[in-house]
Amino acid sequence: MTEILVNLGAGLVAALAPLNLGMILLGLVIGILAGALPGITMVNSIVLVLPFTYLMGIVPSLLLMIGVYCGGVFGGSITGILFNIPGDPMNVPTTWEGYRMSRAGHTRYALGLAIMSSAVGGLASALFLAFFAPPFARFALGFSSVEFFSVVVFGLASVSVLGQSSMLAALISLFAGMFLGTVGTEQQYGVERFAFGVPFLKTGVDFVTVLIGLFAIGEVLEQMVLKAAPSTAGRPATAVPRLPLLDLWPLRGPLTRGTLVGIVIGGLAGAGATVSSFVSYGLEKQFSRRPELFGTGHAPGLVASESSVNGSTGGAMIHLLTLGIPGSAATAVMLGAFLIHGIQPGPLLFTTQAAAVYTIIAGMIVANVAMIGLGFLAALCFATLMKVPAPILDTFIVVFCFLGAFALRNDMADVWLTMLFGVLGFFMRRWGLPVPPLVMGVILGPMAEGYFLTSMVSSGNDLSVFLTRPVSAVLLALSVLIVVWPLLRTARRKRMLSGQRSDGEEATP
Amino acid sequence: MTRAARVVAPLAGVALAVGLVLASRGLDEVAREGQLGPGFWPRLVLAGLGLACLLKALGDWRRGTPDPAAGAAMEPASEISRARLAAGIALIVLYVLAAPWLGFMLATTAFIAAFMALAGARSPLAITANAVAGTAILLYAFVRVVYLPLPKGEGVFETLTLAVYRALRIF
């Protein structure tokens, strides 16, 4: 313990050296901006800074990337809260609550909560990385595709079903999204599925087009066509974020749970921030005494999701530093940076390159503290956009959606898909079909398929493998419970109501 | 809404799921011996979709009045302007349709002006300024800084786009 503290102290001093601190701050700025722009993902931005790391040493390179990583996972929340446009899939649960809070006039509170819970989640995960990385890596190595499949199913079940007032509508939306995720070339056999000869469908439906279309374009159309107050109805008021240090105390439960879920799921190689944000949000619904408030602008949902996203950053670094296995796409790029500089991450790294490792870990701590200030400034800049009149804002949102979709593959087909999903999103809202489960289906469906098929191959098509492994069995049992419990509750309520009615009829002479 | 009208949409969902299951025939021909083929997962998902739609149709049929809970999770179905909606969707479709032909620059300038007017902007000066300055800033940011190869248009429109690119020093 003492040795770790000494190393961490030395790392902190090194991380605060002008060059290293500059790299962290630069990375944070790049990450927050890229994360906030739909179509430019956090992973894209880490890839974009990779060539610059040739010119630097390994520590400043990694600190630059860590800055981009920490800033990137948070950046998408700002536009999600203000404009209902999540920058990355991982920011979707934050958007569900944050945008509703914003529309209810609590923009400052929502932005402040997002900044603070991100910073606390990221900070806790960096400290976890410093103190518990090696034993946790050994535990996480025991997870296989079977457990990953169950984690994804748990995420799908908990978020789609809990808190939705019509479970069937949510399930229709979820299965439709999962089906969209199967369109395109299948990964295992390379077979085209449901492309029907349309060239751009062969590469599949990119979830970013679904995300941008359903949330942003759908919302613009919704705002524009409301008869009550054209183009201004429901727009949140101008907002300067506040930093609610004390406001976090009543939300310590969701904050702690979200952070822990982020660290654990982030630490499972292959899961990552998106899965952790959905699972954390779903779990929070289960813990909540009022799950019906989720989706209406409920602060615990935002805090749980946001702390989990940044909490996953430290978890994902554990695999990279202790085993040399990248736990996510972002850490895979960082592995590239290590290899460029001739360093092989792995069990020996903590002894042979202790100074560099602890500087990187300390850099994560510095990045998460600095993110409070930079996140505040970024939110301030984006919040000033709220002063822009709605006709201008709505118009430019559509143009940015065009650019975001086109930037994916430089293909107009993605723009068409985005606009199509935008119109679909509008009508889904009108027809009573919830949008979030569809988005979840598109994002998590392909992951579930991949893990399921891998599990089947490794177990010789033995389905019992999902029940014989304890973690998987518990997660699947919980998933079933989540789906069945509301059905039983509804049936019981109906029985009680009909019982009361018949009692009343008998009592009437 | 009549009972029959209410079940049309869920039943269409069932029909779509069945149709897609039929379309997935032949996908498993490439499957290796003893392994699940590429058609297994989509069929599983489509079975779930079909079943959920069927249950929804049955529920809506048995229920005498529309399910008030179904829409509660979403936006309240407030009154909307159908004309404005149709015009908005038409403008978006025209924008995407025209972009490869007119080029991003001209299509965006026209779209910003038209969509702003539709969304309620009334000042011609504000509309023109936003359309022209907005497009120029976007071009500079995305062509010069991000190197995004935005559509330049065809024929004379391409020539015009390239001339503006040169004037803005982004080409």
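In this text the structure is predicted, and so the values were computed from the model without any measurement. (Residues numbered from 1 in each chain as written. Chains lettered and ligands numbered in written order. Predicted model: local features only at pLDDT ≥ 70, side-chain atom pairs only at ≥ 80, totals over all residues.)

Caption draft 1: Spatial organisation of the overall build of chain B. Helix and strand counts for chain B stand at six helices and zero strands. Scanning chain B from its N terminus toward the C terminus, one meets helices and strands in the order α-α-α-α-α-α. Computed over C-alpha atoms, the radius of gyration of chain B comes to 25 Å, more than 25% over the 16 Å expected from 2.2 N^0.38 for 171 residues, which places it beyond the range of a compact globule. For the C-alpha atoms alone, the extent of chain B along its principal axes is close to 65 × 55 × 25 Å. Considering chain B as a whole, with its 171 residues, one finds that 32% of them fall into the buried category. (Helix = DSSP H or I, 4+ residues; strand = E, 2+ residues; numbered from the N terminus. Rg over C-alpha atoms; globule rule 2.2 N^0.38 Å. Buried ≥ 20, exposed ≤ 12 C-beta atoms within 10 Å, placed from the backbone.)

Caption draft 2: Layout of the overall build of chain A. Summing up its helical and strand segments, chain A has 20 helices and two strands in all. In chain A, 79% of the contacts between residues at least 6 apart in sequence involve partners at least 24 apart. (Contact = placed C-beta atoms within 7 Å.)

Caption draft 3: The arrangement of helix H15 (residues 354-384) of chain A in detail. Here H15(A) contains 31 residues, and its C-alpha end-to-end distance of 44 Å stays within 8% of the 45 Å for a straight helix at 1.5 Å per residue. Within H15(A), the axis deviates most sharply at A:Met371, by approximately 35°. (Expected span 1.5 Å × (residues − 1). Bend = angle between axes of the 7 residues up to and from the residue.)

Caption draft 4: How the structure looks around the domain arrangement of chain B. Partitioning chain B into structural domains gives domain 1 (3-62) and domain 2 (82-167). Computed from C-alpha atoms alone, the centre-to-centre distance between domain 1 of chain B and domain 2 of chain B is 41 Å. (Domains from an automatic or database assignment.)

Caption draft 5: Structural context of the environment of A:Met1. Considering the arrangement of structural elements, one finds A:Met1 in the segment before helix H1 (2-15). For the pair A:Met1 and A:Ala379, spaced 378 residues apart in sequence, the C-alpha separation works out to 38 Å.

Caption draft 6: Looking closely at the confidence of the model for chain A. Here chain A averages 81 in pLDDT, and 89% of its residues register 70 or above. pLDDT under 50 marks residues 228-234 of chain A. Its contacts with residues more than four places away, or in other chains, come to 15 contacts. (pLDDT = per-residue confidence, 0-100.)

Caption draft 7: How the structure looks around the interface of chain A and chain B. Of the residues lining the interface, 55 residues belong to chain A; the matching set on chain B comes to 56 residues. Elements with a contribution of two residues or more to the side of chain A that touches chain B: helix H8 (167-180), helix H9 (207-225), helix H16 (390-409), helix H17 (412-430) and helix H18 (435-459) of chain A. With eleven residues, H16(A) is the largest single contributor of residues to the side of chain A that touches chain B. A breakdown of the residues in the side of chain A that touches chain B according to their chemical character gives 36 nonpolar, eleven polar and eight charged. (Nonpolar A, V, L, I, M, F, W, Y, C, P; charged D, E, K, R; others polar.)

Caption draft 8: Representation of the environment of B:Leu22 within the structure. Inspection of the secondary structure puts B:Leu22 in helix H1 (residues 3-23). Residues B:Leu22 and B:Arg43, 21 residues apart in the sequence, show an inter-C-alpha distance of 9.2 Å.

Caption draft 9: How the structure looks around the packing of helix H3 (residues 42-49) of chain A against helix H13 (residues 329-340) of chain A. Residue and element names in this part refer to chain A. Put simply, H3 and H13 touch, their axes get as near as 9 Å, and they point 10° apart. Of the possible angle classes, the one that applies to H3 and H13 is roughly parallel. Contact with H3, carried on its side by Met42, Val43, Ile46 and Val47, involves Ala329, Ala330 and Val333 of H13 and no other residues of that element. Looking at the contact of H3 with H13, its residues break down into seven nonpolar, no polar and no charged. (Axes fitted to C-alpha atoms, helices over the stretch in contact; angles between N-to-C directions. Parallel < 35°, antiparallel > 145°, perpendicular 65-115°, else oblique.)

Caption draft 10: Focus on unusual backbone geometry. Residues and elements named next belong to chain A. Unusually for a residue other than glycine, Phe196 sits at a positive phi of about 50°. Positionally, Phe196 belongs in the loop between strand E2 (192-193) and H9. For Phe196, a count of 10 C-beta atoms within 10 Å corresponds to the exposed category. The backbone phi angle of Asn461 is positive, close to 60°, even though this residue is not glycine. Here Asn461 lies in the loop between H18 and helix H19 (465-468).

Caption draft 11: Representation of the confidence of the model for chain B within the structure. When pLDDT is averaged along chain B, the result is 85, and 90% of the positions lie at 70 or above. The least confident element of chain B is H1(B), whose mean pLDDT is 88; the most confident is helix H4 (residues 104-119) of chain B, at 94.

Caption draft 12: Spatial organisation of helix H12 (residues 299-323) of chain A. All names here are of chain A. The end-to-end C-alpha separation of H12 is 37 Å, in line with the 36 Å expected for 25 residues at 1.5 Å each. Within H12, 25 of the 25 residues are buried, which leaves the element mostly enclosed by the surrounding structure. Positioned one or two residues after H12, Gly324 has a phi angle of 75°, which is positive.

Caption draft 13: Summary view of the packing of helix H4 (residues 58-83) of chain A against helix H5 (residues 92-103) of chain A. Residue and element names in this part refer to chain A. Two elements in contact, H4 and H5, have axes whose closest approach is 6 Å; the angle formed by their N-to-C orientations is 45°. The orientation of H4 relative to H5 falls into the category oblique. Relative to H5, H4 is oriented so that their crossing is right-handed. From H4, Ser77, Gly80, Ile81 and Leu82 reach across to H5, where they touch Thr94, Thr95, Gly98, Tyr99 and Ser102. In the contact of H4 with H5, the residues fall into three nonpolar, six polar and no charged. (Left-handed = near helix turned anticlockwise from the far one by under 90°.)

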